[in-house]
Structures are given as structure tokens and as C-alpha cells.
Amino acid sequence: MNTLLLLIIVVNVMVSFKAFNDLFFFRKYEFHIGSIRAGEHYRMITSAFLHADLGHLFFNMFTLYMFAPVVNAYLDRISFLIIYLGSLVFGSLLTLMMHKDDYSYRAVGASGAVTGVLYSAILLEPSMSLYLFFIPIPIPAYLFGIGYLLYSIYGMKAKNDNIGHTAHFGGAVGGFLITLIKFPDLLSQEPLMVGLLLLPIAILFFMAKSGKI
């Protein structure tokens, strides 16, 4: 694990644990539409270092730990940071856009940034497989990525938690676009994989446009 990845994970863990035991801290830095529209734009960044509970934190950090080394193998640390933070911003901007009139909407989590890294890794290494501790057979990484977004659709529709599911969508778009900008040859070298990863993004856009989310 390189120093930058370790730093990102440590910051997420420290900020999240602080918030688990300090509701005032949690409320001050979470993503909250009313507060953001009142001028507290910092929440669009700080909310990405908070998590709803230990399971939410573990899932995001585990996913980041699994996929970040793949991206780091192709990009220097600055470029990796651009993908992480760029995806974070994409996720927050999309969430603000989709929920701008719901002043009570709240969300937390590194999901946008992590999903951006996930999508970047799959684009760069489309043939890789994962061995997850609860599934004894190798899982194609692209299926994991698509499933991650399908889980986001469920969360966006259910609206039964404080997790920023809309940010998954925006983060995936961010990671997808930034990686293609860095490696435009992927469009001709891996057209099927680009299309497969674009498909759930297109479905999410369609569902949001048609008011189904």
C-alpha cells in the first residue's frame, strides 16, 4: 500500500470515528442540501470523509484498498489523486443537482470517490478478477463494478439510510471520464468494456430523467 492510499484511508477512518461519537461534528460536516444552498459549500467535500456506520466505512475502504493499486500501477500519485478527488466532486455536484429542491436531503460517504477509482481500475484492467471473502469463486471485476452501481440504484430508490447513493452515480461518471481523458486509446482498444461500464451509467441517467429515482 503506497503512502497516499494509506493517508486517504487513515483520514477517512479518523474523521468517521470522530463523527460516530460526536453528533454535532457529524451534522456540521455532512452533505445537507439546505446548508449547502445557504453557502456552506465545504460540506460537498467534507461529507465524503464521514460514514453512516462501521459497515459503511469498511465497505468503502475495502473497495478502495482493492482497486486503488490497479490505478496506481498506471498513474502517478498526482493523477490518482485527481481521479479520487475529481470523482468525489462529480458525485457531490450530481447529488446537489438531483436533490437541489429537497432542502432536508442529507448524505455522507466516500462512495463517489471510491466508485470513481473502481471504474478507473476496471477500465485499465478489464480482465482482472476478484476473490471476495464471502464468495469462493473469482468474480470478474466489471461485474463487481456494475453490481456496485445496481446497489446504488436500490439505495437511491429505497431512501432508507443516510448513505450518498447518488454520489456513486456521479463518482462513476467522474472516474470513467477522467480515465478516458488520460487514456483515450481505451475507446478503440477496449470498446466492449467501455460500453459495458457505460451501460449502467446510461440506465441511471434514464431512470433519473424519467423520475423513477
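Now for a look at the structure at hand. (Residues numbered from 1 in each chain as written. Predicted model: local features only at pLDDT ≥ 70, side-chain atom pairs only at ≥ 80, totals over all residues. Heavy atoms only, no water.)

## Describing the overall build of the chain
What counts here: Helix numbering and strand numbering both begin at the N terminus, where a helix is a DSSP run of H or I of at least 4 residues and a strand a DSSP run of E of at least 2. Radius of gyration here uses only the C-alpha atoms, and the compact-globule reference equals 2.2 Å multiplied by the residue count raised to the power 0.38. Under the scheme applied here, a residue whose accessible area is under 20% of the maximum for its type counts as buried, over 50% as exposed, and between as partly exposed, the area being computed with a 1.4 Å probe on protein chains only. Values of accessible area rely on a 1.4 Å probe in the Shrake-Rupley scheme; residue burial ignores everything except the protein chains shown. Neither His nor the chain ends contribute to the count of charged residues, in which Lys and Arg are positive and Asp and Glu negative. Throughout, a charge is located at the NZ atom of Lys, the CZ atom of Arg, the CG atom of Asp or the CD atom of Glu.
Across its full length, the chain holds 11 helices and 4 strands. In summary, the chain has a C-alpha radius of gyration of 16 Å against a globular reference of 17 Å for 213 residues, a match within 12%. Considered along the principal axes of its C-alpha atoms, the chain spans approximately 45 × 40 × 35 Å. In the chain, which comprises 213 residues, the proportion classed as buried is 51%. Accessible surface, the chain: about 10300 Å² in total, of which carbon and sulfur atoms supply 69%. Between the averaged position of the 13 positive side-chain charges in the chain and that of its 11 negative side-chain charges there is a distance of 8 Å.

## Details of the pattern of salt bridges
The line we're drawing: For this document, the term salt bridge refers to a Lys or Arg side-chain nitrogen within 4 Å of an Asp or Glu carboxyl oxygen.
Evaluation of the coordinates by the stated rule reveals 5 salt bridges. Where Glu30 meets Arg106, a salt bridge forms, and the shortest distance between an N and an O atom there is 2.2 Å. Of the two residues, Glu30 is situated in the loop between helix H2 (23-29) and strand E1 (31-32) and Arg106 in strand E2 (residues 106-107); the sequence distance between them amounts to 76 residues. On the basis of relative accessible area, Glu30 is assigned to the buried category, the value being 0%. Note on Arg106: relative accessible area 32%, which makes it partly exposed. A salt bridge links Arg43 to Glu40; its shortest N-O distance comes to 2.6 Å. For Arg43, a relative accessible area of 6% corresponds to the buried category.

## So, the nonpolar core
Formally: Throughout, nonpolar core names a set of buried Ala, Val, Leu, Ile, Met, Phe, Trp, Tyr and Cys residues whose side chains join them through atoms within 4.5 Å. Any two residues having at least one pair of non-hydrogen atoms within 4.5 Å are treated as being in contact.
Core analysis: the largest hydrophobic core is formed by 50 residues, its most contacted members being Leu64, Phe67 and Val117. Those elements giving two or more residues to this core turn out to be helix H1 (3-20), helix H5 (54-74), helix H6 (77-98), helix H7 (111-124), helix H8 (141-158), helix H9 (165-182) and helix H11 (191-209). Among the elements that take part in this core, H7 stands out by supplying 9 residues, more than any other. The contacts of Leu64, once residues within four sequence positions are left out, are Leu5, Ile8, Ile9, Pro69, Phe80, Tyr84, Val114 and Val117. The next biggest cluster of nonpolar side chains, apart from the first, holds 7 residues, and it includes Phe31, Ile33, Tyr105 and Ala107.

## Some remarks on H9
Defined as follows: To estimate how far a helix should reach, multiply one less than its number of residues by 1.5 Å.
For H9, spanning 18 residues, the distance from its first C-alpha to its last is 26 Å, which sits close to the expected 26 Å at 1.5 Å a residue. In terms of residue burial, H9 counts as a mostly covered element, since 15 of its 18 residues are buried.

## Quick notes on the packing of aromatic side chains
Note the following rule: In this scheme Phe, Tyr and Trp rings, the latter by its six-membered ring, pair at centre separations within 6.5 Å, and the angle between planes marks the pair as stacked below 30 degrees, edge-to-face above 60, and tilted otherwise. Note on geometry: a ring has a charge over it if NZ (lysine) or CZ (arginine) is within 6 Å of the ring centre and within 35 degrees of the ring normal.
The final tally for this structure, using the stated rule, is 7 aromatic pairs. When the ring of Tyr29 is compared with that of Tyr42, the centres are 5.9 Å apart and the planes differ by 65 degrees; the resulting orientation is edge-to-face. Of this pair, Tyr29 sits in helix H2 while Tyr42 sits in the loop between helix H3 (33-37) and helix H4 (43-46); the two residues are 13 residues apart in sequence, bridging distant segments of the chain. Relative to Tyr105, the ring of Phe31 lies with its centre 6.3 Å away and its plane at 85 degrees, an arrangement referred to as edge-to-face. Here the residue Phe31 occupies a position in strand E1, and Tyr105 occupies one in the loop between H6 and E2, the gap between them amounting to 74 residues. Exposure remark for Phe31: the relative accessible area of 3% places this residue in the buried category. Within the aromatic cluster, the residues linked to one another by ring pairs are Phe25, Tyr29 and Tyr42. Over the ring of Phe25 we find Lys18; its NZ or CZ atom is 5.6 Å from the centre of that ring.

## So, the packing of H5 against H6
Any two packed helices are characterised by how steeply their axes cross, that is the angle between the axes, and by the distance between the axes. Cut-off, in case you're wondering: Each axis is a line fitted through C-alpha atoms, taken for helices only over the stretch in contact, and angles between the N-to-C directions span 0 to 180 degrees. Throughout, the term roughly parallel applies to angles under 35 degrees, roughly antiparallel to angles over 145, roughly perpendicular to angles from 65 to 115, and oblique to all others. Crossings are assigned a handedness: left-handed for a near helix turned anticlockwise from the far helix by less than a right angle, right-handed for a clockwise turn. For this scheme, ten residues count as nonpolar: Ala, Val, Leu, Ile, Met, Phe, Trp, Tyr, Cys and Pro. Four count as charged, namely Asp, Glu, Lys and Arg, and the remainder, Gly too, count as polar.
Packing of H5 against H6 leaves a shortest axis separation of 10 Å and a crossing angle of 135 degrees. With respect to their mutual orientation, H5 and H6 come out oblique. Taken as a pair, H5 and H6 cross one another with a handedness that is right-handed. Counting all contacts with H5, which are made through Leu64, Ala68, Val71 and Asn72, the residues of H6 involved are Phe80, Ile83 and Tyr84. Taken together, the residues of the contact of H5 with H6 sort by class into 6 nonpolar, 1 polar and no charged.

## A look at the environment of Thr95
Selection criterion: Polar contacts, as used here, are pairs of N or O atoms within 3.5 Å; protein pairs need one atom able to donate a hydrogen and one able to accept it. Residues neighboring in sequence count only if both atoms are side-chain atoms.
Mapping Thr95 onto the fold places it in helix H6. Here Thr95 falls in the buried class, since its relative accessible area comes to 3%. Through-space distance from the C-alpha of Thr95 to that of Pro184 is 27 Å; in sequence the pair is 89 residues apart. Those residues in contact with Thr95, other than ones at most four positions away along the chain, are Phe31, Ile33, Tyr105, Thr166 and Ala167. Looking at Thr95, its side chain comes within polar contact range of the main-chain oxygen of Gly91, at 2.7 Å.

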